[in-house]
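Fold and contact review
Letter by letter, the chains look like this.
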Amino acid sequence: MSHRGPLTAVITTVLGATLGGLLVWRVYRTKRKRLPFVQKAADPVEAARPVEKDVTAEECHFVEPPRVVVKEFKAVECQTSQQLLPLPIPSSEQLLGVKPVMVSSDEEWQQLWPLMQKELSVLPVLGLDCEWVSVKGRTSAVSLLQMATYSGLCVLVRLLAFRSGQQPFPLSLMEVLRDPHILKVGVGCYEDGKRLTRDYGLSLTCTVDLRYLALRQRQAPVNNGLSLKSLAEDLLNVSLDKSLELRCSDWEADQLTLQQMTYAARDAQVSIALFLHLLGLRSEAGLASSSGSSYSELASRCQGLVDVPFRGRGDGDDRACDGERRRKTRKTPSNESPESGDQQVPDPRKNNKRKPLGVGYSARKSPLYDNCFLHAPDGQPLCTCDKKKAKWYLDKGIGVLQSEDPFVVRLLFEPSGRPDSQQDYYLTAKENLCVVCGKADSYIRKNIVPHEYRRHFPTEMKDHNSHDILLLCTSCHAASNVHDSFLKQRLAEEFSAPQGCEEGVRLLEDSDRRRVRSAARALHTAREELPEQRREELQALIKSFLDMNEEQELTDEVVQEAAGLETRIFNEAYVPHGLKVVRACAEQGLRGLMDLERRWRQHFLTTMQPRHLPPLWSVDHNHSKFLRKYGEDLPIKLN
């Protein structure tokens, strides 16, 4: 046996052990290098400082330009996206220590939106609050909108900058507010949504009032009430500065102070911190491993509380500013004479009450579009129509059923007109859903060109105008009406067609008739208590108005009739706002009216950003057809 065999085996073993040791050492060193990065990525908000401490001069960088803060957050995002461990939820102290970012333009919003969108994809919840100015008990438009994500990133949107500057709201901002799969949490957030709709036409959906959640969860005793300040103290052990001077400060100032920004941001940040606490999403549980990171799971935990206004005893001290000012400006009873008003005595007209203004409307109970088709005798498609109209042709015997699905009726007579092309708006099937947000369970018809203008158009432009009737859900419909009011005001200024001043009012209040009615009501309710001289004065006033002799007796029936006297008279100088605008546009002929029509259509596209418009819907619909058929010199006869 050769002596080389054992030697070769020994050498091979030594070399293998050496290479194996080097490989193990290399792996060990590699893991050692990666360890600090993983530890750093696991706690991305560790460096956040609480805003509880006193603010020094060195901290004035709090009001930094948005681009600087965005870079700071993007660094955290970069680390977070590469980590292997579950992303932890920050503690309340860490969350409240994140600095807010002010947004006053579309460009600043677009810089922040990608980061905000990233965080909403992890946890689709926003802490939300609003600030506004109250003067003499009356609130002005919402000045500031605060939105905070789960990490504490808080965006302060100065809404007045978008309104006064006539710049449209960013589409992504409008969408995140009305997104039905992102929860908006806070105290009184449902009411805040109504204010946003009233003032700016912004639709806010999927709100959850934290007071309901606190009452349902009952994880900790609520000793001090249900205001945001009380909930923060009881559940988070966090004290919020709710001094009257700060709450009622000038939120419309050109430059907000550091204290104002801190106050506003903490309201939204505390709201999201309370939500996380009430649902038990603790800092030690990572979002990647938590079942509460998806919208469906969060919504199931808030079942029955979404978009429900709080029916309690108010918002507590969070809205005390408005309450205090209302109390200060509350009117007290005065000793005015009946001529100055009729508030002191009840109205004796029991069965003749005016209909209250602003009666609500409900969504449609049936679809608007049945998508039935009418065909000419030779089979050419003419238009779509509803099923009731299609069956009318069948019942009259002037049409035959050609198909059940889709429902097609072929006419047995030559129609008065045919479409110029088969690429026609009226030949397309339309879906029964909101053209703005796509909601399909409730909708209502929206006149893109408001009826107060369209009703005065010439007949040639009023026939077959279903193009300008679209479906909106009730929320988007209310928002669109707010935007319409802004354009109406601009038209009123451009064409000197006032909506609210005296010359723009159909009925005027007659002061003489009002004095007679007040006198009659005083006699009707307190005839015996009045001094004799005063009673005779009031009787003489009524007799003079009714052309009665002094000898004639003023019976109770006559007094009762005078107490129900109508005090409004017709204003002979009245011209409706819509008619005055249409008249001014009609002076430029057919093109002037088409420009008004195009302006309203473009206004709807710009303000509402619809994503589900029917095919072939256009701002210039039928305009070339009008010019070709009637010519530019068509005599305009207004209705």
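Residues numbered from 1 in each chain as written. Predicted model: local features only at pLDDT ≥ 70, side-chain atom pairs only at ≥ 80, totals over all residues. Heavy atoms only, no water.

**A closer look at the overall build of the protein**
Helix and strand counts for the protein come out as 23 helices and 14 strands. When the 639 residues of the protein are sorted by exposure, 43% land in the buried category. Looking at the protein alone, contacts between residues at least 24 apart form 73% of all its contacts between residues at least 6 apart. Total accessible area on the protein stands at roughly 34900 Å², and carbon and sulfur atoms take up 51% of it. (Helix = DSSP H or I, 4+ residues; strand = E, 2+ residues; numbered from the N terminus. Buried < 20%, exposed > 50% of the residue type's maximum accessible area, 1.4 Å probe, protein only. Contact = heavy atoms within 4.5 Å. Areas by Shrake-Rupley, 256 points an atom, 1.4 Å probe, with all protein chains shown as cover.)

**Digging into the sheet that holds strand β7 (residues 372-375)**
Pairing is mixed across the open sheet formed by four strands, whose spatial order is β8-β7-β10-β9. The sheet is open, and its two edges are formed by β8 (381-385) and β9 (399-403), each paired on a single side. Strand-to-strand twist across the sheet, computed as the mean angle between neighbouring axes with direction ignored, equals 30°. Where β7 meets β8, four bridges bridge the pair, whose relative direction is antiparallel. Its bridge partner being in β8, F373 is matched across the sheet by T384. (Pairing = 2+ DSSP bridges. Axes fitted to C-alpha atoms, helices over the stretch in contact; angles between N-to-C directions.)

**Examining the sheet that holds strand β2 (residues 125-135)**
Reading across the sheet, the six strands line up as β1-β4-β3-β2-β5-β6 and stay open at both edges, with mixed pairing between neighbours. Pairing within the sheet leaves two strands with one partner each, and these edge strands are β1 (101-103) and β6 (207-209). Between one strand and the next, the sheet's axes are offset by a mean angle of 30°, whatever the strand orientation. Of the strand pairs in this sheet, β2 and strand β5 (residues 183-186) are connected by three bridges, and their pairing is parallel. Looking at the pairing, V125 lines up with L183 of β5. Against the sheet, helix α4 (residues 106-122) touches β1, β2, β3 (138-148) and β4 (154-158), its axis set at about 125° to β1. Helix α7 (residues 189-200) rests against β2, β3, β5 and β6 of the sheet, and its axis sits at about 115° to β3.

**Description of helix α9 (residues 228-236)**
Structurally, the α-helix is built with 3.6 residues per turn, so residues lying three or four positions apart point the same way. Where burial is concerned, most of α9 is hidden: eight out of the nine residues are buried. Those residues of α9 that fall on the buried side of the exposure criterion are L228, K229, S230, L231, A232, D234, L235 and L236. Just downstream of α9 lies N237, where phi reads positive at about 60°.

**Concerning the nonpolar core**
Ranked by internal contacts, the top residues of the largest apolar core, which has 49 residues, are L183 and F275. Mapped onto this core, the elements with two or more residues apiece are α3 (92-96), β2, β3, β4, β5, α8 (210-217), α9 and α11 (258-278). The biggest single contributor to this core is α11, with twelve residues. Within the second largest apolar cluster, 32 residues are counted, among which are V142, V157, I182 and C189. (Core = buried A, V, L, I, M, F, W, Y, C linked by side-chain atoms within 4.5 Å.)

**Some words on the packing of aromatic side chains**
Here a ring pair, both rings aromatic, is described through the centre-centre distance and the interplanar angle of the planes. Taken as a whole and judged by the stated rule, the model has ten aromatic pairs. Both rings, one in F162 and one in F169, keep their centres 5.0 Å apart while their planes meet at 25°; by these two values the pair is stacked. Overall, the relative accessible area of 2% leaves F162 in the buried class. Here F169 and Y200 contribute two aromatic rings whose centre-to-centre distance is 5.8 Å and whose plane-to-plane angle is 85°, an arrangement assigned as edge-to-face. Highlighted residues: F169 in the loop between α5 (159-164) and α6 (171-178) and Y200 in helix α7, separated in sequence by 31 residues. Here Y200 falls in the buried class, since its relative accessible area comes to 1%. Within the aromatic cluster, the residues linked to one another by ring pairs are F162, F169 and Y200. (Phe/Tyr/Trp six-rings, centres within 6.5 Å; stacked < 30°, edge-to-face > 60°.)

**Topic: helix α21 (residues 577-586)**
Burial within α21 is extensive, with seven of its ten residues counted as buried. Along α21, the positions that sit buried rather than exposed are H577, G578, L579, V581, V582, C585 and A586. Buried residues in α21 make contact with α15 (451-454), α17 (474-494) and α22 (590-608).

**Re the packing of helix α18 (residues 511-526) against helix α20 (residues 556-563)**
Packing of α18 against α20 leaves a shortest axis separation of 7 Å and a crossing angle of 135°. The orientation of α18 with respect to α20, classified from their angle, is oblique. In this structure, α18 meets α20 at a crossing whose hand is left-handed. Residues R517, A520, R521, L523 and H524 of α18 form the contact with α20, whose own contacting residues are V559, Q560, A562 and A563. A breakdown of the residues in the contact of α18 with α20 according to their chemical character gives five nonpolar, two polar and two charged. (Parallel < 35°, antiparallel > 145°, perpendicular 65-115°, else oblique. Left-handed = near helix turned anticlockwise from the far one by under 90°. Nonpolar A, V, L, I, M, F, W, Y, C, P; charged D, E, K, R; others polar.)

**Some remarks on the confidence of the model for the protein**
Chain-level statistics for the protein give a pLDDT mean of 76 and a share of 75% at 70 or above. Low pLDDT (under 50) marks residues 31-86, which in the prediction has 63 contacts with non-local residues, meaning those over four places away or in another chain. In this model, residues 313-320 is a region of pLDDT below 50 whose contacts with residues beyond four sequence positions or in other chains number 19 contacts. (pLDDT = per-residue confidence, 0-100.)

**Some words on a nonpolar patch on the surface**
Together, L7, I11 and L15 line one region of the surface with nonpolar side chains, adding up to about 290 Å² of accessible area. Within the element layout of this structure, I11 appears in helix α1 (residues 4-41). (Patch = residues over 30% accessible without salt bridge, like charges linked within 9 Å, V, L, I, M, F, W, Y side chains within 5 Å. Salt bridge = Lys/Arg side-chain N within 4 Å of Asp/Glu carboxyl O.)

**Thoughts on the pairing of β2**
Judged by how many residues are buried, β2 sits mostly within the fold: ten of eleven residues are covered. One ladder, built from eight bridges, connects β2 with β3; its direction is antiparallel. Bridge pairing in β3 links E131 to L144. Joining the antiparallel neighbours β2 and β3 is a turn of two residues, in which K136 adopts a positive phi near 55°.

**Topic: the pattern of salt bridges**
Evaluated as defined, the whole model comprises 19 salt bridges. For E233, the salt bridge goes to K229, with nearest N and O atoms at 3.4 Å. One end of the pair is E233 and the other is K229, both in helix α9 and four residues apart, which spans about a single turn. The shortest N-O distance in the salt bridge between D620 and R598 comes to 2.5 Å. Pair noted here: D620 is in the loop between α22 and α23 (623-630) and R598 is in helix α22, with a separation of 22 residues, a long-range link. Relative accessible area serves as the criterion here: at 38%, D620 is assigned to the partly exposed category. Shared partners join several salt bridges into a network, and the residues in it are R454, D468, E597 and R601.

**Let's talk about the state of the cysteines**
Per the stated rule, a full pass over the model turns up zero disulfides. Sulfur of C189: no disulfide; nearest cysteine sulfur belongs to C130 and is 9.5 Å away. Looking at C189, the relative accessible area reads 1%, which means it is buried. (Disulfide = S-S within 2.5 Å.)

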